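# Notes for the structure review
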Amino acid sequence: MAVSVFELFKIGIGPSSSHTVGPMRAARTFVQRLDHSGLLEQTDRLQAELFGSLAHTGRGHGTDKAVMLGLLGDAPDSVDPDTIDGKLQRVADLGEITLDGRRAIAFHPKQHLTFNKRESLPYHPNGMRFSAYSASGELLIERDYYSVGGGFVVNQDEAAADRIVQDETPLPHPFSTASELLERCRERKLSIPQLMWENERAWRTDDAIESGLQAIHSAMQGCIRRGCDSPGVLPGGLRVKRRAPALHMALETQRATGDTSLTALDWVNLFALAVNEENAAGGRVVTAPTNGAAGIIPAVLEYYLRFVPGADQRGVMDFLLTAGAIGILYMLNASISGAEVGCQGEVGVACSMAAGGLTAATGGRLSQIENAAEIGMEHNLGLTCDPVGGLVQIPCIERNAMAAVKAINAQRLALQGDGVGVVSLDKVIKTMAETGADMKNHYKETSRGGLAVNVIEC
């Protein structure tokens, strides 16, 4: 399986890559299949069903809204967040939805978009089923899709003409484990960013790689700015107040007065909070590798640019390419889905990616990069996904700030050593996958355990 850095880092909208971005892509794919099969004009009724984790926390994560947007023909990377409420209100007011903006059919969300909390589809906890019917009630087409984390969507129907298959693009430097990645680098005398760049050439030109990485970084910085400039309360019943704007003002004042004690740490907290508050509000973010963990890599990248002497744009690209390589290892050998392995697969993976990326950007050796990435995950093992109220707010927002600081410390620990550790990156990835398999489902993005239960009970 070949995975591009640009599949791992995707520009989308909040609050969740698996519960918002993935379902929007799946719904849009289904409507496109109707069109390509010549069935769009025959469709008179459409039923959307959510299963497993999507059913348990879908409303808090905006899954129902995402599905309707996808049916309308919107894509996560291009929909204007400011237009979403108006589009959904129109569906509610008219009692109809216009599939791909062309075919209007009756649609009442409570009737045609159902949450099946007591049932799961076989392949993954984040399952969806779309069914289209003719005016006579004949089933025209039915498809199951799975949102497997980070906005990735798969379809396990072997017989389906539109089955979403793994990318088998031949790469000049294929790898599936950390040991293979490091061995390829040593054999070819390449750094991890150089190897990743050459692999990316299988899909795009050098100019497209550079401009794509710049666009990702620009989107991350834009999200930080919006988060710092948007006071108020986050949507949902928890009434969580945005903290980033006030913290930003306080830090700017502190900088003006010359008080610099632990300043870098405070700024890193700010960057992470700003991104994840923007994500919780449904704003534009970059999956890194998921929305729930979207603040960690931008926060550590901004730390690199502001507080590391000699930081430059070349270092930013090295950071992103290295972080991407590490994220791919988790995708291939474990999971980046909170519904499958808990938050260790989201915040833990992002922490590991950020630690390795920062180590590469600051001149770390191959062994030190691996060591930093291992440390970043080792101290997130067993992290549960228990969003209070099914919202990507508590503990998710603060958790990003904690993990960003942890990633920086992992880099510092790795650079102070020789990179030789008892635990390898491959071993910690294997351990994370096994830990996720052993974890009770209550602690995997269902809001049926942990803080999600105890906070409400209190």
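Residues numbered from 1 in each chain as written. Predicted model: local features only at pLDDT ≥ 70, side-chain atom pairs only at ≥ 80, totals over all residues. Heavy atoms only, no water.

## Structural notes on the overall build of the chain
- For the chain, the helix and strand inventory stands at 19 helices and 9 strands.
- Relative to the compact-globule value of 23 Å for 458 residues, the chain shows a C-alpha radius of gyration of 22 Å, a close match.
- With the C-alpha coordinates of the chain rotated into their principal frame, the extents come out at 70 × 50 × 45 Å.
- Counting across all 458 residues of the chain, residues that qualify as buried make up 57%.
- The contacts of the chain with a sequence gap of at least 6 include a subset with a gap of at least 24, amounting to 74%.
- For the chain, the computed accessible surface area is about 18,500 Å², with 49% contributed by carbon and sulfur atoms.
- Within the chain, one finds 42 positive and 53 negative side-chain charges whose respective centroids are separated by 3 Å. (Helix = DSSP H or I, 4+ residues; strand = E, 2+ residues; numbered from the N terminus. Rg over C-alpha atoms; globule rule 2.2 N^0.38 Å. Buried < 20%, exposed > 50% of the residue type's maximum accessible area, 1.4 Å probe, protein only. Contact = heavy atoms within 4.5 Å. Areas by Shrake-Rupley, 256 points an atom, 1.4 Å probe, with all protein chains shown as cover. Lys, Arg positive; Asp, Glu negative; His and termini not counted. Charge placed at Lys NZ, Arg CZ, Asp CG, Glu CD.)

## Regarding the nonpolar core
- Judged by nonpolar contacts, the single largest core of 100 residues is most densely connected at Phe 9, Ile 297 and Tyr 330.
- Those residues within four positions of Tyr 330 in sequence are excluded, and the remaining contacts are Ser 335, Ile 336, Val 349, Ser 352, Ala 373, Met 377, Leu 425, Val 428, Ile 429 and Met 432.
- Counting residues in each nonpolar core, the second largest holds 37 residues, with Val 67, Val 91, Phe 130 and Leu 140 among its members. (Core = buried A, V, L, I, M, F, W, Y, C linked by side-chain atoms within 4.5 Å.)

## Some points on a nonpolar patch on the surface
- Together, Leu 238, Ile 394, Leu 451 and Val 455 line one region of the surface with nonpolar side chains, adding up to about 270 Å² of accessible area.
- Within the secondary structure layout, Ile 394 lies in the loop between helix H16 (366–378) and helix H17 (396–415).
- For Ile 394, a relative accessible area of 35% corresponds to the partly exposed category. (Patch = residues over 30% accessible without salt bridge, like charges linked within 9 Å, V, L, I, M, F, W, Y side chains within 5 Å. Salt bridge = Lys/Arg side-chain N within 4 Å of Asp/Glu carboxyl O.)

## Examining the sheet that holds strand S5 (residues 113–116)
- One open sheet accounts for 5 strands, arranged S5-S2-S6-S7-S8; its pairing is mixed. Two strands in the sheet have a free side with no partner beyond their single neighbour: S5 and strand S8 (152–154). The mean angle between the axes of side-by-side strands here comes to 25°, regardless of whether they run parallel or antiparallel.
- Inspection of the sheet shows strand S2 (residues 45–52) paired to S5 by 4 bridges, in the parallel sense. Bridging across to S5, Ala 48 finds its partner in Leu 113.
- Set on the sheet, helix H2 (residues 17–36) makes contact with S2, strand S6 (126–133), strand S7 (139–149) and S8; between it and S7 the angle comes to about 155°.
- Set on the sheet, helix H3 (residues 53–61) makes contact with S2, S5 and S6; between it and S2 the angle comes to about 105°. (Pairing = 2+ DSSP bridges. Axes fitted to C-alpha atoms, helices over the stretch in contact; angles between N-to-C directions.)

## A few points about H17
- If you check H17, its first and last C-alpha atoms are 29 Å apart, about what 20 residues at 1.5 Å a residue would give, namely 28 Å.
- Of all the residues in H17, the buried ones are Cys 396, Ile 397, Arg 399, Asn 400, Ala 401, Ala 403, Ala 404, Ala 407, Ile 408, Ala 410, Gln 411 and Ala 414.
- Summarising the contacts, the buried residues of H17 are in contact with helix H11 (263–280), helix H12 (296–307), helix H15 (347–361) and H16. (Expected span 1.5 Å × (residues − 1).)

## Considering the state of the cysteines
- Tallying each qualifying case throughout the model produces 0 disulfides.
- Here Cys 228 is not cross-linked by a disulfide; its sulfur's nearest cysteine counterpart is in Cys 223, at 9.6 Å.
- We note that Cys 385 lacks a disulfide partner, and the nearest cysteine sulfur, in Cys 343, lies 5.5 Å from it. (Disulfide = S-S within 2.5 Å.)

## What about the pattern of salt bridges?
- According to the stated counting rule, one finds 14 salt bridges in the structure shown.
- In this structure, the salt-bridge partner of Glu 200 is Arg 204, at a minimum N-O distance of 2.7 Å.
- Note that Glu 278 is salt-bridged to Arg 226, the shortest N-O span being 3.4 Å. Taken together, the positions of Glu 278 in helix H11 and Arg 226 in helix H9 (residues 206–228) put the pair 52 residues apart, joining distant regions of the chain.
- Classification of Glu 278 as buried rests on a relative accessible area of 9%.
- Connected through shared salt-bridge partners, Asp 35, Asp 100 and Arg 102 make up one network.

## Description of the packing of helix H10 (residues 244–257) against H11
- For the pair H10 and H11, the least separation of the axes is 9 Å and the interaxial angle reads 155°. Accordingly, the angle class assigned to the pair H10 and H11 is roughly antiparallel. Two packed elements cross with a definite hand, and for H10 against H11 that hand is left-handed. Between H10 and H11, the residues in contact are Ala 244, Pro 245, Leu 247, His 248, Leu 251, Glu 252, Gln 254 and Arg 255 and Thr 263, Asp 266, Trp 267, Leu 270, Leu 273, Ala 274 and Glu 277, respectively.
- Across the contact of H10 with H11, the residue classes break down as 8 nonpolar, 3 polar and 4 charged. (Parallel < 35°, antiparallel > 145°, perpendicular 65-115°, else oblique. Left-handed = near helix turned anticlockwise from the far one by under 90°. Nonpolar A, V, L, I, M, F, W, Y, C, P; charged D, E, K, R; others polar.)

## Let's talk about the confidence of the model for the chain
- When the pLDDT values of the chain are averaged, the result is 94; 97% of them are 70 or greater.
- With pLDDT under 50 throughout, residues 158–164 is counted as low confidence; its partners more than four residues away or in other chains account for 15 contacts. (pLDDT = per-residue confidence, 0-100.)

## Some details on helix H4 (residues 63–72)
- With 9 of 10 residues buried, H4 is to be regarded as a mostly interior element.
- Within the sequence span of H4, burial applies to Thr 63, Asp 64, Ala 66, Val 67, Met 68, Leu 69, Gly 70, Leu 71 and Leu 72.
- Phi turns positive one or two residues past the end of H4, at Gly 73, with a value near 105°.

## Examining the environment of Glu 187
- Relative to the elements of secondary structure, Glu 187 occurs in helix H7 (residues 178–188).
- Residue Glu 187 is classed as partly exposed on the basis of its relative accessible area, which comes to 45%.
- Engagement of the side chain of Glu 187 in a polar contact is seen with the side chain of Arg 188, the distance being 3.0 Å. (Polar contact = N/O pair within 3.5 Å; in protein donor to acceptor, adjacent residues only side chain to side chain.)

## Examining the packing of aromatic side chains
- For the structure shown, the criterion picks out 5 aromatic pairs.
- Between the aromatic rings of Phe 30 and Phe 130, the centroid separation amounts to 5.4 Å while the plane-to-plane angle is 25°, which identifies the pairing as stacked. Of the two residues, Phe 30 sits in helix H2 while Phe 130 sits in strand S6, which places them 100 residues apart along the sequence. An identical accessibility class is assigned to Phe 30 and Phe 130; each is buried.
- Centre to centre, the rings of Tyr 123 and Tyr 146 are 5.2 Å apart; their planes meet at 70°, and the pair counts as edge-to-face. (Phe/Tyr/Trp six-rings, centres within 6.5 Å; stacked < 30°, edge-to-face > 60°.)

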